[in-house]
Amino acid sequence: DKGTYPHYMLKEIYEQPNSVRDAMRGRLSPEEATAKLGGLNMTNADLRSVERIILCGCGTAFHAAMVGEYLIESLAHIPVECEFASELRYRNLPTDRDTLVFVISQSGETADTLAALRESQRKGHRTLGICNSVGSTIARESDGGVYMHAGPEIGVAATKSFTSQLTIMTLLATLLGRIRYLSYAEGLEILANLERLPALVSQTLELDAQVAAIAKKYAKAPNFLFMGRQANYPIALEGALKLKEISYIAASGYPSAELKHGVIALVNEVTPSVFIAPRDAVFEKNVSNIEEVKARKGPVIAIGTEGNDHLDKVADEVIRIPQSPDYITPILASIPLQLLAYHIAAELGCDVDKPRNLAKSVTVE
Ligand code: F6R
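These figures come from a predicted structure and were not determined experimentally. (Residues numbered from 1 in each chain as written. Predicted model: local features only at pLDDT ≥ 70, side-chain atom pairs only at ≥ 80, totals over all residues. Heavy atoms only, no water.)

Draft legend 1. Spotlight on the overall build of the chain. The helix and strand tally for the chain stands at 13 helices and 12 strands. The C-alpha radius of gyration computed for the chain amounts to 20 Å, which stays within 12% of the reference 21 Å derived for 365 residues, consistent with globular compactness. Burial analysis of the chain (365 residues in total) assigns 58% to the buried set. Treating the 37 positive side-chain charges of the chain as one cloud and the 44 negative ones as another, the clouds have centres 2 Å apart. (Helix = DSSP H or I, 4+ residues; strand = E, 2+ residues; numbered from the N terminus. Rg over C-alpha atoms; globule rule 2.2 N^0.38 Å. Buried < 20%, exposed > 50% of the residue type's maximum accessible area, 1.4 Å probe, protein only. Lys, Arg positive; Asp, Glu negative; His and termini not counted. Charge placed at Lys NZ, Arg CZ, Asp CG, Glu CD.)

Draft legend 2. Broad picture of the sheet that holds strand S6 (residues 127-131). Strand order in this open sheet of 5 strands is S4-S3-S5-S6-S7, and the pairing throughout is parallel. Strands at the two margins of the open sheet, each flanked by one partner only, are strand S4 (80-84) and strand S7 (145-147). Strand-to-strand, the axes of this sheet are offset by a mean angle of 20°, without reference to chain direction. Where strand S3 (residues 52-57) lies against S4, 5 bridges are found, and the strand directions are parallel. Residue pairing across strands places Ile53 opposite Val80, the latter belonging to S4. The sheet contacts of helix H8 (residues 160-180) involve S3, strand S5 (99-105), S6 and S7, and relative to S5 the element is tilted by about 160°. (Pairing = 2+ DSSP bridges. Axes fitted to C-alpha atoms, helices over the stretch in contact; angles between N-to-C directions. Contact = heavy atoms within 4.5 Å.)

Draft legend 3. How the structure looks around unusual backbone geometry. Backbone geometry places Tyr248, a non-glycine residue, at a positive phi of 65°. Of note, Tyr248 is situated in the loop between helix H11 (232-247) and strand S9 (250-255). Despite not being glycine, Asn357 shows a phi value in the positive range, around 65°. Here Asn357 shows up in the segment after helix H13 (329-347).

Draft legend 4. Summary view of helix H10 (residues 208-218). Those residues of H10 that sit buried are Asp208, Val211, Ile214, Ala215 and Tyr218. Along the axis of H10, the buried positions cluster into a sector of 125°, meaning they face one direction only. Facing away from the buried side of H10, by more than 90 degrees, are the exposed residues Ala209, Lys216 and Lys217. (Arc of directions from axis to C-beta.)

Draft legend 5. The arrangement of the pairing of strand S11 (residues 300-305) in detail. Among the 6 residues of S11, 6 are classified as buried, and the element is accordingly described as predominantly covered. Residue alternation in S11 divides its side chains into two sets, Val300, Ala302 and Gly304 and Ile301, Ile303 and Thr305, and both sets are buried. Where strand S10 (residues 273-276) lies against S11, 4 bridges are found, and the strand directions are parallel. Residue pairing across strands places Ile276 opposite Ile303, the latter belonging to S11. Taken together, S10, helix H12 (residues 283-295) and S11 form a β-α-β motif whose crossover is right-handed. As judged from the 5 bridges shared by S11 and strand S12 (residues 317-321), these two strands associate in the parallel manner. Looking at the pairing, Gly304 lines up with Arg320 of S12. (Right-handed = clockwise from strand over helix to strand, strands pointing away.)

Draft legend 6. Here's a closer look at the sheet that holds S9. The strand order across the open sheet formed by 5 strands is S9-S8-S10-S11-S12, and the pairing between neighbours is parallel. Every other strand in the sheet has two partners, leaving S9 and S12 as the edge strands with one partner each. For this sheet, the mean angle separating the axes of adjacent strands, direction not counted, is 20°. This element, H11, spans strand S8 (223-228), S9 and S10 of the sheet and lies at about 175° to S9. Here H13 sits on the sheet in contact with S8, S10, S11 and S12, set at roughly 135° to S12.

Draft legend 7. Region of interest: the packing of helix H9 (residues 184-205) against H13. Closest axis-to-axis distance for the H9/H13 pair is 9 Å, and the angle between their directions is 25°. As the angle between them shows, H9 and H13 are arranged roughly parallel. Remark: the crossing between H9 and H13 carries right-handed chirality. Along its contact with H9, which presents Leu197, Leu200, Val201, Thr204 and Leu205, the element H13 presents Ile331, Leu332, Ile335 and Pro336. Across the contact of H9 with H13, the residue classes break down as 8 nonpolar, 1 polar and no charged. (Parallel < 35°, antiparallel > 145°, perpendicular 65-115°, else oblique. Left-handed = near helix turned anticlockwise from the far one by under 90°. Nonpolar A, V, L, I, M, F, W, Y, C, P; charged D, E, K, R; others polar.)

Put into structure tokens, the structure is as follows:
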């Protein structure tokens, strides 16, 4: 039931304060200053012996894997590789014995992801699932895993399942990090920030009216560019995917610095560039990329940080998300991009919940 919302997608976007809370429920342990993921069926000694991780999925789940790569490498210092499930299943990837494989799937029924799971198990790797649908094929066949607990997602475009996946990636990185590099105090600090996450998501949703106005202004654009750096680069890809899926506007995502390697040829007066440029270690770098776009008269919509006015001088529109640590920002930055895609599609009269040519779960190859 959509309740008072015009579409399931909007309802699901608004459910995110609860769905991220549910992804963490019972999984934060302040006594041990770490995250607990009992469903992995692995002892700390098992986790300690992991030398490499492969994260695998399709579409939105693949973007969550890319964020996971960044988080696990930075918090746990374990080398991570992301792979599209459709590629992994046919790629003869050389893997060591101590490689742990995760497949990520909202539905737990995606044919390519299931095939990647089976191929990985065939090679003798412990293969874990990160799924939303309880009792789905991937959940049943994997050697353990983590449920998202996001509740049913009816809108074809993934929204709350994505932020749940990102939340679980943070939990996983914290757990792996605490075994290796993170101190008790560092673990506690991450936990304290995660406790604040549902409130930060609620606060971010208050940007809805501003994003809706921006959407109205740019809805007629023929194409969009999305850019970000580090863990926000996959968020740019996800922002572009959301817009393509439900509004049918051509959109592509890039690491911000790739602009000068070709993308900038697309910049013109009618092509908006959406930059994810929170206040972080690469903020100044993003600003110079924004300036390159402005110098070519490209409209810029920037996702910045509350209290940071610097972007006002360079961007046409500035959407400010709450200040947060690097492992939380991608979750918050996703929300205005979901809303932007939603409001543009609604403005264009598209069938938001059932976009053309798409199915909620892709059970054929
Ligand atoms: C994007 C979208 C798809 C799915 C992909 C994987 O909005 O819905 O890209 O993310 O088909 O689906 P699951 O997660 O069910 O394996």
